[in-house]
Amino acid sequence: MTDSDSAEAPGQVAVLLPLPLAGAYDYLVPPGLQVAAGDVVVVPFGKTTSLGVAWGPGTGAVAAEKLRPVAGKVECPPLPEETRRFVDKVADYTVSPPGAVARMCFSVSAALQPPSPRIAYRRGPKTPERLTPSRRRVLEIAGEGPVRTMADLAESAGVGTGVIRGLIDAGGLEAVLLPPYDPPARPDWQRAGPVLNQDQVTAAAALRAAVEAGTYSTRVLEGVTGAGKTEVYFEAIAACLAAGKQALVLLPEIALSAQWLSRFEARFGARPMEWHSDLKPFERRRNWRQIVSGEAFVVVGARSALFLPFTGLGLIVVDEEHDGSYKQDDGIRYQARDMAVLRGALGGFPVILSSATPSLETRANVQRGRYSRVVLANRHGSAVLPQMRAVDLRRDPPPRGRWLSPVLTAAVQETLERKEQALLFLNRRGYAPLTLCGACGHRLQCPNCSTWLVEHRLAGRLRCHHCGYEARLPTECPACGAEGRLKPCGPGIERLVEEATGLFPDARIAAFASDLLTGPRQAQAMVEKVLAGEVDLLIGTQILAKGHHFPMLTLVGVVDADLGLGGGDLRAAERTYQLLSQVAGRAGRAEHEGRVLLQTYAPEAPVLRALVSGDVESFIESELEARAQAGMPPYGRLAALIVSGSDLERVVETGKALARSAPQGAEIEVWGPAAAPLSLLRGRHRQRLLVKADRGVRLGEVLRAWVGGIRTRGNTRIDIDVDPYSFL
Ligand code: ADP
Ligand code: ZN
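A quick note: this is a predicted structure, and the numbers were derived from the prediction, not measured.

(A) Quick look at the overall build of the protein chain. Helix and strand content of the protein chain: 19 helices and 29 strands. Its C-alpha radius of gyration of 29 Å places the protein chain within 12% of the 27 Å reference for a compact globule of 728 residues. C-alpha extents for the protein chain along the principal axes are approximately 90 × 70 × 65 Å. When burial is assessed residue by residue, the protein chain has 51% of its 728 residues classed as buried. Looking at the protein chain alone, contacts between residues at least 24 apart form 74% of all its contacts between residues at least 6 apart. With the model as given, the accessible surface of the protein chain reaches about 32300 Å², and the carbon-plus-sulfur share is 51%.

(B) Here's a closer look at the confidence of the model for the protein chain. In this model, the protein chain carries a mean pLDDT of 91, and residues with pLDDT of at least 70 account for 96%. Within the protein chain, helix H14 (residues 520-531) has the poorest average pLDDT of any element, 83, and helix H10 (residues 336-347) the best, 98. Contacts of residues 1-7 to residues separated by more than four positions or lying in other chains number 20 contacts, the stretch itself having pLDDT below 50.

(C) Region of interest: the coordination of the zinc ion (ligand 2). Around the zinc ion (ligand 2), the protein contributes the donor atoms Cys 446 (SG), Cys 449 (SG), Cys 464 (SG) and Cys 467 (SG), which lie 2.3 to 2.4 Å from the metal centre. Classification of the site at the zinc ion (ligand 2) as tetrahedral follows from its four donor atoms and the range of 105 to 114° in their angles at the metal.

(D) Fine view of the site of ligand 1. Around ligand 1 lies a shell of 16 residues, among which Val 195, Gln 200, Gly 226, Lys 229 and Arg 263 are the nearest. Within the side chain of Gln 200, one N or O atom sits 2.8 Å away from a nitrogen atom of ligand 1. With respect to ligand 1, the backbone of Gly 228 contributes an N or O atom lying 2.9 Å from an oxygen atom. Sort the elements by how many residues they give to the shell around ligand 1 and helix H7 (residues 229-242) lands first, with three residues. Split into classes, the residues belonging to the shell around ligand 1 amount to five nonpolar, seven polar and four charged.

(E) Summary view of the environment of Pro 520. One can find Pro 520 in helix H14. Pro 520 sits in the partly exposed class, given a relative accessible area of 30%. A C-alpha to C-alpha distance of 8.2 Å links Pro 520 and Asp 278, two positions 242 residues apart in sequence.

(F) Up close: helix H17 (residues 616-630). If you check H17, its first and last C-alpha atoms are 21 Å apart, about what 15 residues at 1.5 Å a residue would give, namely 21 Å. What H17 keeps buried is the set Val 616, Phe 619, Ile 620, Glu 623, Leu 624 and Arg 627. The buried residues of H17 occupy an angular sector of 130° when projected down its axis, which confines them to one face. Close packing links the buried residues of H17 with helix H11 (360-367), helix H15 (572-584) and helix H16 (606-613). One or two positions beyond H17, positive phi appears at Gly 631, with a value near 70°.

(G) Structural context of the pairing of strand E16 (residues 421-425). In terms of burial, E16 is largely enclosed, as five of its five residues are buried. Both faces of E16 are covered, namely the face carrying Gln 421, Leu 423 and Phe 425 and the face carrying Ala 422 and Leu 424. Across five bridges, E16 lies against strand E24 (residues 553-558) in parallel orientation. By the bridge assignment, Phe 425 is partnered in E24 with Val 558.

(H) Molecular detail of the environment of Ala 209. Summarising the element assignment, Ala 209 is placed in helix H6 (residues 198-213). Considered as a pair, Ala 209 and Pro 350 are 141 residues apart in the sequence and their alpha carbons are 9.9 Å apart.

(I) Representation of the side chain of Arg 267. Structurally, Arg 267 is set in helix H8 (residues 258-268). Overall, Arg 267 belongs to the buried group, its relative accessible area being 5%. In contact with Arg 267, not counting residues within four places along its chain, are Asp 188, Arg 191, Ala 192, Gly 193, Pro 194, Phe 234, Glu 235 and Ala 238.

(J) Representation of the sheet that holds strand E19 (residues 461-463). Strand order in the open sheet made by the three strands is E18-E19-E20, with antiparallel pairing throughout. On the outer flanks of this sheet lie strand E18 (454-456) and strand E20 (470-472), each paired with one strand and no other. Averaged over all pairs of adjacent strands, the angle between their axes in this sheet comes to 35°, without regard to strand direction. Bridging between E18 and E19 involves three bridges; their strand directions are antiparallel.

(K) Geometry of the pattern of salt bridges. The full count for this structure, using the stated rule, is 38 salt bridges. Residues Glu 174 and Arg 122 are paired through a salt bridge, measuring 3.0 Å at the closest nitrogen-oxygen approach. Residue Glu 174 is located in strand E7 (residues 173-178), and its partner Arg 122 is located in strand E6 (residues 118-123); the two are separated by 52 residues in the primary sequence. For Arg 271, the salt bridge identified is with Glu 265, shortest N-O distance 3.4 Å. A residue is classified by how much of its surface remains accessible, and Glu 265, at 33% relative accessible area, is partly exposed. The network of salt bridges with common partners includes Lys 327, Arg 333, Arg 717, Asp 719 and Asp 721.

What counts as what
Residues numbered from 1 in each chain as written. Chains lettered and ligands numbered in written order. Predicted model: local features only at pLDDT ≥ 70, side-chain atom pairs only at ≥ 80, totals over all residues. Heavy atoms only, no water. Helix = DSSP H or I, 4+ residues; strand = E, 2+ residues; numbered from the N terminus. Rg over C-alpha atoms; globule rule 2.2 N^0.38 Å. Buried < 20%, exposed > 50% of the residue type's maximum accessible area, 1.4 Å probe, protein only. Contact = heavy atoms within 4.5 Å. Areas by Shrake-Rupley, 256 points an atom, 1.4 Å probe, with all protein chains shown as cover. pLDDT = per-residue confidence, 0-100. Donors = N, O, S within 2.8 Å, 3.2 Å for Na, K, Ca; no water. Tetrahedral: all angles 85-135°; square planar, octahedral: opposite > 155°, others 65-115°. Near = heavy atom within 4 Å. Polar contact = N/O pair within 3.5 Å; in protein donor to acceptor, adjacent residues only side chain to side chain. Nonpolar A, V, L, I, M, F, W, Y, C, P; charged D, E, K, R; others polar. Expected span 1.5 Å × (residues − 1). Arc of directions from axis to C-beta. Pairing = 2+ DSSP bridges. Axes fitted to C-alpha atoms, helices over the stretch in contact; angles between N-to-C directions. Salt bridge = Lys/Arg side-chain N within 4 Å of Asp/Glu carboxyl O.

What follows is the structure, given as structure tokens:
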């Protein structure tokens, strides 16, 4: 059915409510009302009413006499057909209620109310008899240039709004209606970009061709950090704009992407439209409206931008496609990179996955011939990749109670003496990850979760990084009452700042972590300080690993290269390789050569050996090989079932019931239930089951049938995580 069709079942329409229900419900279309698929409607629901989207013809599942009528239509652009099909497919793949997925398309409920037009004023037909100097100034200003709002006129003329009102009454000014929003700035795709090098020209041509073909394809743009991937995919965006289509760019950490935004503006002479959680309500409403109306040109956003109701999308770029933040781990559990590919296939347009370290999933899709690869082999210009060296902490340990080894300390010292910048990387927020009582050994734990509380000394708080619980650091042990015996164990970046301040008292040190930077503006200010040479030593978490380009940064010290390997999940080694390559890529991006020191207790770990030797390909090959052997993703499929609830007995019982009715077969295996590593989260007990299936298995159907047959009681819930990334 197309947008212009009305429902087939005469007088009936299926309406999808933005609620976690199984599907769309039939309603009657009252005489005189035209309802087409995609229209936003108001329908009775229970004792109240609800908004909903006309999803298609009535199913006829319920006798017409029992149906209730649609109450009315909302004046709002219809949800495009492509978006509706996308919602259905995502719901299907993630085993989620379609209404809950559809809700992500309307993440701004106020967007549904028609915006009110703005009133502006221009010179009216009459000239009032009484012309004070103030009135004269206003009329002069109103007579030239574009129309202005009352506040604007008053301010420009330096008068109160009373003067303006008087002029309106006297006919000296007349009102005109403006569209509710200013149109978005138009990026100029004809502007010349930088002169591309030969590799870049070839890559850009391949991407442009994909866009110009106007059909679905997925290209993997692969190239070391600093190779110019951004410049190259800007060419694809230019081609998309030239074709009159909209483009969407997904970034992992949009709120911290100030540098990306200025590069876009430098290339296209206009800012892109942003979509992320830091937008003001007014901006969200406006942007949403301009996307669904087709006015928006280029949207850059976090993963949720994928669900915006674009009407003329012609390209999606997923930058840093390997980044873990593309997987949403609560609510609708979806992998935005994979769903972007699905979106492209539905819309018939190309998708570009860009990364210096493509995920194994993406590499496997290249091997299968589903995606094609576009490679930039070298860094742009004279920049070379930094040398990596392991610092074996067994031979070269830091002093007691410290975290920086003498080798790393000396390297930082040297760098600072050369007036270059150094970066210490530790992917751990706060001061210390654990606080322990020296008298009784008690560990301070979150009351709602099975995790330790992290001390944040700057804020003077203990925090749970899982549920947000906070408390003051007590002076006595809550278990044995010993006074002054609580001591921090292990480092977070705040503790590292303390150590570095002691070691390098003259250095200007800046700390970067998501809880220390409050928003995009502050992040940009910090980045600018680094670029201006006002910072000598940067200390930060993974937010420093992404995208930034600091030409004077020549040393990267990874304080704990083993950190990511501890959890031992499926992707631990892969993630370590990606994260450390990315951090390393921050060093020596311009004419200064960079070096990277990796502090480790396990220099023989394959991933560290690969990074140090530079032989990443064989590491990837052996990872892929091991996954293939074990039938793990990307060669097999996984799904997790998480049973949770406040009543432990019921949770355990539900887990057992799931196990009893688990799907059987040679091509499917079920493990568990077992207590989850995070066995308590936000006051809910948790049990996990893990399903491993051959790639041919229709996993969604299997899961739906299986879980659908289990009754849960009280607040016990079963969450399904298809393609899980977190195993906690
Ligand atoms: P990547 O995304 O692959 O890490 P970038 O696109 O960020 O690489 O490019 C790295 C740096 O090199 C940026 O500062 C960019 O402006 C610069 N650069 C890349 N290609 C060119 C080019 N052809 N001409 C001028 N500068 C370039
Ligand atoms: Zn907690």
